[in-house]
Amino acid sequence: MSSIISISGVTKTYATGFKALKEINLDIERGEIFALLGPNGAGKTTLISIVCGIVNRSSGSVTVDGHDISRDYRAARSLIGLVPQELTIDAFETVWATVNYSRGLFGKAPNKDFVEKVLRDLSLWEKKDSKAITLSGGMKRRLMIAKALSHEPRVLFLDEPTAGVDVELRQDMWAMVRRLREDGVTIILTTHYIEEAEAMADRVGVINKGEIILVEDKAELMRKLGRKQMRLELRAPLAAIPDGLSRYALELSEGGNELTYTYDNQSDRPGVASLIRDLEAAGIQFRDLDTKNSSLEEIFVNLVRQEP
Amino acid sequence: MNLPAAPNFRAVWAIYRVEMARAFRTVLQSIISPVISTSLYFVVFGSAIGSRINEIDGIAYGAFIVPGLMMLSLLTQSISNASFAIYFPKFVGSIYELLSAPVSYLEIIIAYVGGAATKSIMLGLIILATAALFVPLRIEHPFWMIAFLVLTAVTFSLFGFIIGIWAKTFEQLQLVPLLIVTPLTFLGGSFYSIHMLPGIWKTITLFNPVVYLISGFRWSFYGKADVSVGVSLGMTLVFLAICIAIVAWIFKTGYRLRN
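Model, not experiment: these values are computed from the prediction. As a convention, each chain's residues are numbered from 1 in the sequence order in which they are written. A letter from A marks each chain and a number from 1 marks each ligand, given out in the order of writing. At least 70 in pLDDT is required for a residue's local features to be given in this predicted model, at least 80 for side-chain atom pairs to be given and counted, and no such filter applies to totals for whole chains, interfaces and linings, which use all residues. Only hydrogens and water are removed before side-chain values are computed, so all heavy atoms of the structure are retained for them.

**Points about the sheet that holds strand β2 (residues 19-29) of chain A**
Residues and elements named next belong to chain A.
Thought 1: Two strands make a pair as long as DSSP finds a minimum of two bridges between them. Strands are runs of DSSP state E lasting at least two residues, helices are runs of H or I lasting at least four, and both sets are numbered from the N terminus onward. Overall, antiparallel pairing links the four strands, which are arranged β2-β1-β4-β5 in an open sheet. One side of each edge strand has no neighbouring strand; the edge strands of this open sheet are β2 and β5 (67-68).
Thought 2: By the bridge criterion, seven bridges tie strand β1 (residues 3-13) to β2 in an arrangement that is antiparallel. Following the sheet pairing, Thr13 is matched in β2 by Lys19.

Dropping the structure here:
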């Protein structure tokens with residue numbers, strides 16, 4: 001797969017001296033869903049704003065489908081749709097007017113049928129003659145998406161798309177993102193809802209303090225960094241972990257009723273089977289057990305914490 | 001694939017249309033209120049006070065103030081239209097869309113300044129029509145009348161655009177029009193000929209750029225001017241050039257737009 005967005009050596013230092021981005025290198029592949037994760041203030045929005053032309057970078061270069069975002073900004077920008085984090089719409093415009101305005105702004109010929117389809121897909125058609133100010137928060141969010149899709153972008157940026165959005169809209173949005181991907185649209189979403197990235201993304205990038213600290217295929221990332229935990233509910237409480245089991249680094253719960261074993265898929269720690277054999281040998285009986293994979297959220301928190 | 005990018009006329013049209021739609025949506029504020037205030041000027045200065053004033057340069061006082069009144073509205077409305085048009089999206093944040101769109105700075109300027117200038121020119125003509133109801137008017141140089149009208153509207157819309165980009169608060173947005181433009185316009189000879197001023201003030205007033213605008217504009221009506229028409233035209237063009245230079249600098253540096 002060839003990359004549709006290529007970011008190399010991009011830095012951003014604000015006038016205040018704040019270094020928002022330090023040497024970002026990142027390639028987004030054509031047709032993928034890429035999730036950019038990071039805590040607040042990590043530089044997610046700054047990076048997106050640079051690619052979209054809203055903020056000037058301090059150095060480095062960005063190309064969108066081979067078009068340099070400065071030299072060839074028209075070609076680059078006309079490929080991009082952006083849904084920003086904040087609900088920022090001219091409140092006095094009607095839905096219909098503002099979406100058609102967006103289409104015109106991006107140089108596309110008027111196409112009423114297409115705009116109607118976008119509005120219908122986002123359940124906004126009924127509201128087409130309403131002023132933006134009269135819409136609910138969720139409806140405004142849909143309107144922002146409609147504006148971004150009005151000019152048929154090949155790359156869609158969703159900056160924190162589901163912040164403050166109800167469950168129904170969130171699911172609608174995920175369905176929409178999948179449909180767009182089927183049409184070949186590349187989607188980059190930033191989020192700090194990890195479940196979103198986990199459910200949607202093909203690849204995940206983690207940004208922290210202005211640096212990309214990791215880019216990985218999501219499944220690969222979960223496999224590599226994912227940890228498993230096995231929890232054992234004991235028949236009789238245990239006062240202390242027997243010496244024979246020390247190599248497992250087990251954790252004993254407060255009342256002595258539960259043992260937790262944490263292991264990862266790649267480490268050389270002994271497997272679950274040998275632990276169970278050893279438990280039996282030590283005469284420890286358990287009533288029940290369950291295992292779970294660590295979520296992307298835990299992976300993420302660990303990654304960000306490791307940073308100094 | 002670095003094709004020479006075609007100008008985005010559709011974007012210019014889209015922005016221009018939104019700006020014009022705003023004028024018609026707020027027709028009370030943008031059209032009717034200036035007409036009312038102009039009529040009030042005519043009642044107060046034209047009839048009540050004007051009837052006690054002799055002709056100036058052979059022109060009845062009521063007719064004499066028409067060009068000045070038009071300029072007064074043209075200046076203030078051009079500035080407020082253009083400054084608000086660009087400040088408002090900055091204020092609510094919807095400017096992101098403009099900045100992320102494939103439009104050049106020149107196109108942005110043409111659309112916003114074009115919209116603001118169109119509105120104030122329309123307004124100027126409405127005021128002219130209103131004035132014609134009160135006083136007999138004649139326009140000796142219609143071509144130059146239109147030229148001064150358009151030039152002034154464009155220049156001050158550009159000036160307003162600069163203020164709109166510079167302003168960080170609504171207060172700042174009002175500051176320049178209120179503290180600088182309105183006084184300069186009132187002292188610029190809207191209601192009197194600068195020859196009527198006492199000694200030193202006649203010289204001081206020549207530093208007021210609005211004097212040249214009003215004088216030139218009045219010349220296009222009655223063929224009489226406080227300063228020569230060439231100087232008026234020259235000063236207007238100088239101010240236009242200064243505004244263009246500032247706008248070019250703003251766009252080159254991304255000042256208060258792309259930080």
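**Notes on the pairing of strand β13 (residues 258-264) of chain A**
All names here are of chain A.
Thought 1: Summary of the burial criterion: residues with accessible area below 20% of their type's maximum are buried, those above 50% are exposed, and those between are partly exposed, where the area comes from a 1.4 Å probe applied to protein chains only. Of all seven residues in β13, five are buried, a share of seventy percent or more.
Thought 2: For strand β11 (residues 227-234) and β13, the ladder comprises seven bridges, and the chain directions are antiparallel. If you follow Gln229 over to β13, its bridge partner there is Thr262.
Thought 3: In this sheet, β13 lies alongside strand β12 (residues 251-252) in antiparallel orientation, the contact comprising two bridges. Residue Glu251 lies in a different strand from β13, and its bridge partner there is Thr260.
Thought 4: Where β12 folds back on β13, the antiparallel hairpin that results is connected by five residues, among which Gly256 adopts a positive phi of roughly 80 degrees.

**Topic: helix α10 (residues 229-253) of chain B**
Residue and element names in this part refer to chain B.
Thought 1: Any helix carries an expected span of 1.5 Å times its number of residues minus one. The first and last C-alpha atoms of α10 sit 36 Å apart over 25 residues, in line with the 36 Å expected at 1.5 Å per residue.
Thought 2: Those residues of α10 not exposed but buried are Val229, Ser232, Thr236, Leu240, Cys243, Val247, Ile250 and Phe251.
Thought 3: Contact definition: two residues touch when any of their heavy atoms are within 4.5 Å. Its buried side turned inward, α10 meets α5 (105-134), α6 (142-166) and α9 (209-222).
Thought 4: Downstream of α10 by a residue or two, Gly254 has a phi angle that is positive, lying close to 75 degrees.

**Considerations on empty space enclosed by the protein**
One way to see where empty space is left: roll a probe the size of a water molecule over the atoms.
Thought 1: Points on a 1 Å grid, built from protein atoms alone, make a cavity when a 1.4 Å probe fits but cannot get out and make a pocket when they are open with protein on both sides within 12 Å along at least 5 of 7 lines; residues with an atom within 4 Å of a point are the lining residues. Grid points are joined across faces, edges and corners, and a volume is the space filled by probe spheres set on the points. Scanning the entire structure with this criterion turns up seven cavities of 30 Å³ or more.
Thought 2: Taken as a whole, the largest cavity holds about 230 Å³ of empty space.
Thought 3: Lining the largest cavity we find 18 residues, and of these Asp90 and Tyr101 of chain A together with Pro89, Ser94 and Tyr112 of chain B sit closest to its centre.
Thought 4: Among the elements of the structure, α3 (95-105) of chain A together with α1 (9-25), α3 (61-92) and α4 (95-100) of chain B are those that each provide at least two residues to the lining of the largest cavity.

**Structural notes on a nonpolar patch on the surface**
Residues and elements named next belong to chain B.
Thought 1: Patch membership needs two things, relative accessible area over 30% and no salt bridge, and members are linked within 9 Å if like-charged or within 5 Å if nonpolar (Val, Leu, Ile, Met, Phe, Trp, Tyr). Where accessible areas are quoted, they stem from the Shrake-Rupley method and a 1.4 Å probe; at the residue level, only the protein chains shown are allowed to cover. Here, a salt bridge means any side-chain nitrogen of Lys or Arg that lies within 4 Å of a carboxyl oxygen of Asp or Glu. The grouping of Val43, Val44, Ile49, Ile53, Leu133 and Phe134 at the surface amounts to a nonpolar patch, some 530 Å² of accessible area in total.
Thought 2: Within the residue set of the nonpolar patch, elements represented by two or more residues are α2 (27-49) and α5.
Thought 3: Position of Phe134 relative to the elements: it lies in helix α5.
Thought 4: Looking at Phe134, the relative accessible area reads 40%, which means it is partly exposed.

**With respect to the side chain of Asn8 of chain B**
Thought 1: Summarising the element assignment, Asn8 of chain B is placed in the segment before α1.
Thought 2: In this structure Asn8 of chain B comes out as buried when scored by relative accessible area, which is 7%.
Thought 3: When near neighbours in sequence (up to four residues on either side) are disregarded, Asn8 of chain B contacts Arg74, Gly104, Leu105, Phe106 and Gly107 of chain A together with Pro102, Val103 and Glu107 of chain B.

**Observations concerning the packing of aromatic side chains**
Thought 1: When the centres of two rings from Phe, Tyr and Trp lie within 6.5 Å, Trp using its six-membered ring, the rings pair. Their planes under 30 degrees apart give stacked, over 60 give edge-to-face, and anything left gives tilted. Under the criterion given, the structure shown has 22 aromatic pairs over all chains.
Thought 2: With centroids separated by 5.2 Å and ring planes inclined at 80 degrees, the aromatic side chains of Phe143 of chain B and Trp144 of chain B adopt a geometry described as edge-to-face.
Thought 3: On the basis of relative accessible area, Phe143 of chain B is assigned to the exposed category, the value being 59%.
Thought 4: An angle of 50 degrees between the planes, with centres 5.7 Å apart, marks the rings of Phe221 of chain B and Tyr222 of chain B as tilted.
Thought 5: With relative accessibility at 0%, the residue Phe221 of chain B sits in the buried group.
Thought 6: For Tyr222 of chain B, a relative accessible area of 3% translates into the label buried.
Thought 7: Here the aromatic residues Tyr105, Tyr112, Phe161 and Phe251 of chain B are joined through ring pairs into a cluster of three or more.
Thought 8: A ring is considered to have a charge above it if a Lys NZ or an Arg CZ atom is located within 6 Å of its centre and within 35 degrees of its normal. Between Lys12 of chain A and the ring centre of Tyr14 of chain A, over which it is positioned, the NZ or CZ distance is 5.0 Å.
Thought 9: Here Arg218 of chain B stacks its cationic end above the ring of Phe64 of chain B, 3.6 Å away from the centre of that ring.

**Observations concerning the interface of chain A and chain B**
Thought 1: Contacts between the two partners involve 32 residues from chain A, matched on the other side by 34 residues from chain B.
Thought 2: Counting the surface lost from both chain A and chain B, the interface buries some 2,800 Å², and carbon and sulfur atoms represent 53% of this.
Thought 3: Across the contact surface, chain A and chain B share three salt bridges.
Thought 4: Between Glu97 of chain B and Lys147 of chain A there is a salt bridge, with its nearest N and O atoms 3.0 Å apart.
Thought 5: Between N or O atoms, a polar contact is any pair within 3.5 Å; within protein, one atom must be a potential hydrogen donor and the other a potential acceptor, and residues adjacent in sequence are included only when both atoms are from side chains. Between the two partners, chain A and chain B, sit 10 residue pairs in polar contact (both at pLDDT 80 or more).
Thought 6: Secondary structure elements with two or more residues in the side of chain A that touches chain B: α2 (73-78), α3 and α5 (137-149) of chain A.
Thought 7: The residue inventory of the side of chain A that touches chain B, partitioned by class, reads 15 nonpolar, eight polar and nine charged. By buried area we mean how much accessible surface two parts lose on assembly, using a 1.4 Å probe and totalling the loss over both. Residue type decides the class: Asp, Glu, Lys and Arg count as charged, Ala, Val, Leu, Ile, Met, Phe, Trp, Tyr, Cys and Pro as nonpolar, and the leftover types, Gly among them, as polar.

**Description of the sheet that holds strand β9 (residues 203-208) of chain A**
Residue and element names in this part refer to chain A.
Thought 1: In spatial order, the strands read β6-β7-β8-β3-β9-β10; together these six strands make up an open sheet with mixed pairing. The open sheet terminates on both sides in strands that have one partner only, identified here as β6 (80-83) and β10 (211-217). Adjacent strand axes in the sheet meet at a mean angle of 15 degrees when their direction is disregarded.
Thought 2: Here strand β3 (residues 33-37) runs beside β9; their pairing, made up of four bridges, is parallel. Bridged to Leu36 within β9 is Gly205.
Thought 3: The sheet contacts of helix α1 (residues 44-52) involve β3, β6, β7 (155-159), β8 (186-191) and β9, and relative to β7 the element is tilted by about 150 degrees.
Thought 4: Angles run from 0 to 180 degrees between N-to-C directions of axes, and those axes are lines fitted to C-alpha atoms, restricted for helices to the stretch in contact. Helix α6 (residues 167-182) contacts β3, β7 and β8 of the sheet and is inclined by roughly 150 degrees relative to β8.

**Observations concerning the nonpolar core**
Thought 1: Ranked by internal contacts, the top residues of the largest apolar core, which has 108 residues, are Ile5 and Phe157 of chain A together with Phe161 of chain B.
Thought 2: For Phe161 of chain B, the contacting residues outside a window of four places in its chain are Ala82, Ser83, Ile86, Ile108, Ile109, Tyr112, Val113 and Phe251 of chain B.
Thought 3: What we call a nonpolar core is a set of buried Ala, Val, Leu, Ile, Met, Phe, Trp, Tyr and Cys residues that are connected through their side-chain atoms within 4.5 Å. Tyr61, Tyr87, Leu128 and Phe148 of chain B belong to the second-largest nonpolar core, a separate cluster that totals 47 residues.

**Observations concerning the pattern of salt bridges**
Residues and elements named next belong to chain A.
Thought 1: Per the stated rule, a full pass over the model turns up 20 salt bridges over all chains.
Thought 2: Lys128 is the partner of Asp129 in a salt bridge, and the nearest nitrogen-oxygen pair spans 3.4 Å.
Thought 3: With relative accessibility at 57%, the residue Asp129 sits in the exposed group.
Thought 4: Ionic contacts of the salt-bridge type, sharing partners, join the residues Arg231, Glu258 and Asp290 into one network.

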